[in-house]
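# Report on the structure
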Amino acid sequence: MVNRIVTGAHYGLRDWLAQRVTAAVMAVYVSAVAGWALLQPALGYDVWTELFSGNMMRSFSLLFLLSLFYHAWIGVRDIVMDYVKPASVRLLIHVSVILALILYVIWAVQILWGL
Amino acid sequence: MVVEKDMNKTRPKHLALHKIKLPLAGYVSILHRVSGAILFLALPLLLAMLDQSLRSIETFTNLAEYLDHALVKLALIGMLWAFLHHFFAGLRYLAIDLHLLHGLSGARASSRWVLAVSLALTVVMGVKLW
Ligand code: HEM
């Protein structure tokens with residue numbers, strides 16, 4: 001056994017943990033929204049926007065989306081590392097994915113707070 | 001420590017996909033990866049849908065009409081499967097990491113459940129959607 005500490009240097013264990021924590025956050029959020037949807041007699045524009053009208057729901061939705069983006073970054077990075085060999089192509093994909101995800105963060109804030 | 005040195009030397013690994021033959025849990029695993037990649041690629045579409053659904057009653061109605069096309073529905077059902085499979089396979093991994101599932105029999109049985117439940121829910125929700 002090797003003694004590795006999650007909060008220590010970047011062993012990769014930190015990302016592994018982050019991917020699991022973000023997965024748990026997403027699982028809770030998705031289950032809550034799915035449960036809410038099942039309880040609605042009809043799903044129209046009114047109930048839908050009502051759900052997202054409070055700051056609380058907007059904040060938790062943003063937390064969900066930030067978890068999702070971070071989770072997706074770790075996941076896509078792992079996939080790229082497995083299949084893409086040339087360092088230049090890999091770097092290009094990594095940078096594109098990061099930039100796309102940063103744009104999604106900005107977009108998510110705009111959607112949720114209706115800018 | 002020799003092991004660790006060798007480990008670092010041979011990383012990152014590059015896999016010869018065509019040579020690999022998988023047990024059931026292996027299919028759950030590769031489909032988890034495929035579904036994760038699909039979900040990532042679908043992100044701009046999903047965000048656009050969230051945007052349109054919340055912006056105004058007009059954009060909401062337009063979106064609903066658009067999503068009513070047969071091909072779009074098929075794509076939605078595909079994404080739905082990707083999400084459900086990724087979700088349940090993901091929960092399975094979390095259960096394994098928390099030592100809630102052990103051994104080969106646990107791995108096999110839970111793989112079967114993941115495949116079955118995500119397919120069944122896709123069918124149920126797909127039929128409702130249609
Ligand atoms: C409730 C929702 C989700 C749960 C419970 C979940 C769970 C997980 C877990 C536990 C892993 C790690 C698997 C491993 O290390 O072998 C993982 C990997 C991954 N996830 Fe998710 N995930 C969720 C949503 C998403 C979403 C929405 C996306 C896409 C935007 C995504 C993309 C990925 C990718 C690309 C990987 C890497 C797969 C691989 O390395 O084979 N996940 N997920």
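Everything here concerns the structure above.
In short, a report on the structure.

### Side note on the interface of chain A and chain B
Interfaces are frequently sized by the accessible area removed from exposure as the parts join. Facing 33 residues of chain A, the contacting portion of chain B comprises 28 residues. Here chain A and chain B share an interface that buries about 2,700 Å² over both sides, 73% of which is from carbon and sulfur atoms. Looking at the side of chain A facing chain B, the largest losses of area belong to A:Tyr45, A:Tyr83 and A:Ile111, adding up to 24% of the total buried there. Residue B:Arg33 pairs with A:Asp82 through a salt bridge whose shortest N-O separation is 2.8 Å. Applying the counting rule to chain A against chain B returns six residue pairs in polar contact (both at pLDDT 80 or more). The leading source of residues in the side of chain A that touches chain B is helix H3 (residues 55-83) of chain A, at 11 residues.

### Thoughts on the pattern of salt bridges
Where side chains of opposite charge bring their charged atoms close, a pairing between them can arise. Residue and element names in this part refer to chain A. Under the defined criterion, the tally for this structure stands at seven salt bridges over all chains. Notably, a salt bridge pairs Arg-77 with Asp-15, separated by 2.7 Å at the nearest N-O pair. Separated by 62 residues along the polypeptide, Arg-77 in helix H3 and Asp-15 in helix H1 (residues 13-39) bring together distant segments of the chain. Since its relative accessible area comes to 17%, Arg-77 is described here as buried. Among the residues examined, Asp-15 registers a relative accessible area of 13% and is labelled buried. Three or more residues joined by partner-sharing salt bridges are found here, namely Arg-14, Asp-15, Arg-77 and Asp-78.

About the thresholds
Residues numbered from 1 in each chain as written. Chains lettered and ligands numbered in written order. Predicted model: local features only at pLDDT ≥ 70, side-chain atom pairs only at ≥ 80, totals over all residues. Heavy atoms only, no water. Contact = heavy atoms within 4.5 Å. Buried area = accessible area lost by both parts, 1.4 Å probe. Salt bridge = Lys/Arg side-chain N within 4 Å of Asp/Glu carboxyl O. Polar contact = N/O pair within 3.5 Å; in protein donor to acceptor, adjacent residues only side chain to side chain. Helix = DSSP H or I, 4+ residues; strand = E, 2+ residues; numbered from the N terminus. Buried < 20%, exposed > 50% of the residue type's maximum accessible area, 1.4 Å probe, protein only.

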